[in-house]
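The lines below spell out each chain.
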Amino acid sequence: MKTLKLDHIGIAVKDLDEALPFWQEVMGLELVGTEVVEEQKVKVAFLPVGDTEIELLESTAEDGPIARFIERNGEGIQHLAFRVENIEEGIAFMKEKGMRMIDEKPRYGAGGAKIAFLHPKSSKGILVELSERE
Ligand code: ZN
């Protein structure tokens, strides 16, 4: 598996409008877009920084994964996403290494990426996302 870079850091927030001023006005990042990913019940805001990106995640439903994360842990870093050259290869490699996958098949991720999550039990408590983008 070829890991190319840290694609983005996913941060769970209760409210994008409340979270954005810190990232824009204090950290000086630019908001380049937002997207609702229905399947994940999440609204994502993209703020590139250097070669990577901050992605703020607001739940669009009370039972969504981000809402549940905030209930358990409060707001904060929810996952780290690594850009891989080929996601199918990445998933196969992880399974070969005995890693537990949440997604055995790639699914749609924000920004048109193909993504798959590793189970955090396999990655020492960090929710790791593999991401392939054009
Ligand atoms: Zn992500």
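The shown structure was predicted, so the numbers you read here are calculated from the model rather than taken from an experiment.

Residue pairs three or four apart in sequence face the same way in an α-helix, which turns once every 3.6 residues. Burial in helix α3 (residues 87–96) covers these residues: Ile87, Gly90, Ile91 and Met94. With its buried residues spanning 95° around the axis, α3 presents them on a single face. Buried residues belonging to α3 abut β5 (76–84), β7 (113–117) and β8 (128–132).

Turning next to the coordination of the zinc ion. Listed as protein donors to the zinc ion are His8 (NE2), His79 (NE2) and Glu129 (OE); their distances from the metal cover 2.0 to 2.1 Å. Between consecutive donor residues of the zinc ion, the sequence gaps follow H-x70-H-x49-E. Separated by 71 residues along the polypeptide, His8 in strand β1 (residues 3–13) and His79 in strand β5 bring together distant segments of the chain. Neither residue differs from the other here; His8 and His79 are each classed as buried.

One finds Ile9, Ile11, Val13, Leu16, Ala19, Leu20, Trp23, Leu29, Ala45, Leu47, Ile54 and Leu56 forming the largest nonpolar core, which totals 12 residues. Where this core is concerned, the elements lending two or more residues are β1, α1 (16–26), β3 (42–49) and β4 (52–59). Residues within four places of Val13 in sequence aside, it is in contact with Ala19, Leu56, Leu57, Glu58, Ser59, Ile70 and Glu75. Among the nonpolar cores identified, the runner-up in size contains 10 residues, and Ala12, Val37, Leu57 and Ile70 belong to it.

Rules and cut-offs
Residues numbered from 1 in each chain as written. Predicted model: local features only at pLDDT ≥ 70, side-chain atom pairs only at ≥ 80, totals over all residues. Heavy atoms only, no water. Buried < 20%, exposed > 50% of the residue type's maximum accessible area, 1.4 Å probe, protein only. Helix = DSSP H or I, 4+ residues; strand = E, 2+ residues; numbered from the N terminus. Arc of directions from axis to C-beta. Contact = heavy atoms within 4.5 Å. Donors = N, O, S within 2.8 Å, 3.2 Å for Na, K, Ca; no water. Core = buried A, V, L, I, M, F, W, Y, C linked by side-chain atoms within 4.5 Å.

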